[in-house]
Amino acid sequence: MATHLENQRATVLDRQSAKLAPPPMYQVVLLNDDYTPMEFVVAVLQRIFGKNEDEAAHIMLKVHHEGRGVCGVYPRDIAATRVEMVRQMAHARQHPLQCVMEPAPEA
Ligand code: TYC
């Protein structure tokens, strides 16, 4: 049977792991289409995902050639907000650009 001290230790560890466990992470993914201008996608990546011009161009070309590309990995609320910002920016300019979030693969 566990002693009182062992029980106390288990409780402390439970609390610590509850406090320190990293949040589940989500990747924000841009999808390719035939109509959204490349310059607009680069601007989105700079404005919403903080990429510099070279990084943004690299991601845009990856999406253009491979169909999709990861823009960033964030906790759920931040990922959801950025997806919404991309959708608003695209809608405002009437571009069909699509953006989704999905659980990030475990490291
Ligand atoms: N394929 C688009 C074009 O040729 C460019 C593009 C890149 C569109 C990435 C969407 O997520 C995208 N104009």
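If you're wondering where the values come from, they're calculated on a predicted model, not measured in any experiment. (Residues numbered from 1 in each chain as written. Predicted model: local features only at pLDDT ≥ 70, side-chain atom pairs only at ≥ 80, totals over all residues. Heavy atoms only, no water.)

(A) Seen up close, the packing of helix α2 (residues 38–49) against helix α4 (residues 76–92). The geometry of α2 relative to α4 is characterised by a closest axis approach of 11 Å and an angle of 140 degrees between their N-to-C directions. Classified by the angle their axes make, α2 and α4 are oblique. Crossing hand, α2 versus α4: right-handed. Counted together, F40, A43, V44, R47, I48 and F49 of α2 and R82, M85, V86, M89 and A90 of α4 form the full contact between these two elements. Residue composition of the contact of α2 with α4, by class: 9 nonpolar, no polar and 2 charged. (Axes fitted to C-alpha atoms, helices over the stretch in contact; angles between N-to-C directions. Helix = DSSP H or I, 4+ residues; strand = E, 2+ residues; numbered from the N terminus. Parallel < 35°, antiparallel > 145°, perpendicular 65-115°, else oblique. Left-handed = near helix turned anticlockwise from the far one by under 90°. Contact = heavy atoms within 4.5 Å. Nonpolar A, V, L, I, M, F, W, Y, C, P; charged D, E, K, R; others polar.)

(B) Summary view of the site of the ligand. In the region of the ligand, the neighbouring residues are L31, N32, D33, T36, M38, V41, M60, V63, H64 and L97. Taking L31, its main chain carries an N or O atom lying 2.8 Å from an oxygen atom of the ligand. N32 places a polar side-chain atom, nitrogen or oxygen, 2.8 Å from a nitrogen atom of the ligand. Protein chains bury 89% of the 350 Å² of accessible surface belonging to the ligand in isolation. If you list the elements that add at least two residues to the shell around the ligand, you get α2 and α3 (53–66). (Near = heavy atom within 4 Å. Polar contact = N/O pair within 3.5 Å; in protein donor to acceptor, adjacent residues only side chain to side chain. Areas by Shrake-Rupley, 256 points an atom, 1.4 Å probe, with all protein chains shown as cover.)

(C) Local environment of the sheet that holds strand β1 (residues 25–31). The sheet built from 3 strands is open, its strands ordered β2-β1-β3 with antiparallel pairing. With partners counted over all chains shown, the strands left at the sheet margins are β2 (68–75) and β3 (98–103), one partner each. Ignoring which end each strand starts from, the neighbouring axes of this sheet average 25 degrees apart. Pairing between β1 and β3: 6 bridges, direction antiparallel. Looking across to β3, one finds that V29 is bridged to V100. Running over the sheet, α3 touches β1 and β2 and is turned about 125 degrees from β2. (Pairing = 2+ DSSP bridges.)

(D) Geometry of the environment of A43. Structurally, A43 is set in helix α2. For the pair formed by A43 and A56, sequence separation is 13 residues and the distance between their alpha carbons is 7.7 Å.

(E) Representation of the state of the cysteines. One pass over the structure, following the stated rule, counts 0 disulfides. In this model C99 remains outside any disulfide bridge; the closest cysteine sulfur is found in C71, 5.4 Å from its own. Under the relative-accessibility criterion, C99 is labelled buried at 1%. (Disulfide = S-S within 2.5 Å. Buried < 20%, exposed > 50% of the residue type's maximum accessible area, 1.4 Å probe, protein only.)

(F) Structural detail: α3. With 14 residues, α3 extends 20 Å from end C-alpha to end C-alpha; this agrees with the ideal 20 Å at 1.5 Å per step. Here α3 has its buried residues at A56, I59, M60 and V63. Down the axis of α3, the sector holding all buried residues measures 100 degrees, keeping them to one side. Within α3, the exposed residues directed more than 90 degrees away from the buried face are D54, H58, H65 and E66. (Expected span 1.5 Å × (residues − 1). Arc of directions from axis to C-beta.)

In short, shape yes, function no, at least from these values alone.
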